[in-house]
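Residues per chain are reported as follows:
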Amino acid sequence: MCEITCDQFISSCAEFVALSAAAGDNWDIVRDAAHVWIQNNTVISATTKKGDDVIEDILDDITIDSVDDDNTIEIKAGNKELISCSYEVHYSSSYAVPVLYCRFWDCSGQLLSLEQVWSMAPLPARGWD
C-alpha cells in the first residue's frame, strides 16, 4: 500500500504547480486555515452528437467575438456548448493519499450527468467500452 504524508503532498503540489506554470496549464495552490489543495478551472467547448448524450472535447474552437465596455466577453462557439470544468486535488488524511474531485456544468449552471462526463473521457479510460 502506498501512502504519503501531508507535508509530502504539499511539497508535491508546489512542484506540480511550478511545472504547470511552465506548461501553461494554470493550476493554482489554494490555502485556507486548515487545508492546502491545488485546483484548475477552465472552460471547454463541446459538441453533443444528435440522438445521444455523447460529448466530444473540442478545445480549439472557442473564439472571442467582442469585448464590451463593461469588460463582458462574448464568446462564439458555433453550435457547440461551453462546459465549465473544475478540478481539485485534496489530501485525504483518512487514507493518506491525494483525491481528485471534478465538476462539470453547462452554461446554464446545470451539472452534467455522470454519463455525459464519462462520455468526454478518452476511450482507453472507459473500461467498459
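Residues numbered from 1 in each chain as written. Predicted model: local features only at pLDDT ≥ 70, side-chain atom pairs only at ≥ 80, totals over all residues. Heavy atoms only, no water.

**Q** Would you take a moment to explain the pairing of strand β6 (residues 81–92) for this structure?
**A** For a regular strand, side chains alternate in direction, first toward one face of the sheet and then toward the other. Of all twelve residues that make up β6, nine are buried, and the element is covered over most of its length. In this antiparallel pair of consecutive strands, β6 and strand β7 (residues 97–105), the connection spans four residues, and A96 shows a positive phi of 60 degrees. (Buried < 20%, exposed > 50% of the residue type's maximum accessible area, 1.4 Å probe, protein only. Helix = DSSP H or I, 4+ residues; strand = E, 2+ residues; numbered from the N terminus. Pairing = 2+ DSSP bridges.)

**Q** Teacher, can you tell me more about the state of the cysteines here?
**A** One way to say it: the disulfide is the covalent bond shared by the sulfur atoms of two cysteines. By the definition in use, this model includes zero disulfides. Left without a disulfide partner, C6 is nearest to the cysteine sulfur of C13, which lies 8.8 Å away. Judged by relative accessible area, which is 37%, C6 ranks as partly exposed. A disulfide-free cysteine, C102 has its sulfur positioned 8.8 Å from the sulfur of C85, the nearest such atom. (Disulfide = S-S within 2.5 Å.)

**Q** Mind showing me how you'd approach the nonpolar core here?
**A** Among soluble globular proteins, nonpolar side chains are generally buried collectively. Formed by F9, C13, V17, W27, I38, V89, Y91 and A96, the largest nonpolar core amounts to eight residues. For this core, the secondary structure elements donating two or more residues are α1 (6–23) and β6. Here the element with the most residues in this core is α1; it accounts for three residues. Excluding anything up to four places from it in sequence, W27 contacts F16, V17, S20, I38, Q39, N40, Y87 and V89. Among the nonpolar cores identified, the runner-up in size contains seven residues, and I44, I83, C85 and L112 belong to it. (Core = buried A, V, L, I, M, F, W, Y, C linked by side-chain atoms within 4.5 Å. Contact = heavy atoms within 4.5 Å.)

**Q** Hey, could you run me through α1 in this one?
**A** Given 3.6 residues per turn, any residue in an α-helix points the same way as the ones three and four places further on. The end-to-end C-alpha separation of α1 is 25 Å, in line with the 26 Å expected for 18 residues at 1.5 Å each. Here α1 has its buried residues at F9, C13, V17 and S20. End-on view of α1: buried residues confined to an arc of 75 degrees, all on one side of the axis. For α1, the exposed residues set more than 90 degrees away from the buried face come down to D7, E15, L19 and A22. (Expected span 1.5 Å × (residues − 1). Arc of directions from axis to C-beta.)

**Q** Please explain the pattern of salt bridges as it appears in this structure.
**A** Side chains that differ in sign of charge can pair as their charged atoms come close. This model, assessed by the stated rule, comprises one salt bridge. E88 serves as the salt-bridge partner of R103, at 3.3 Å between the closest nitrogen and oxygen. Placement of the pair is R103 in strand β7 and E88 in strand β6, with a sequence separation of 15 residues. With relative accessibility at 14%, the residue E88 sits in the buried group. (Salt bridge = Lys/Arg side-chain N within 4 Å of Asp/Glu carboxyl O.)

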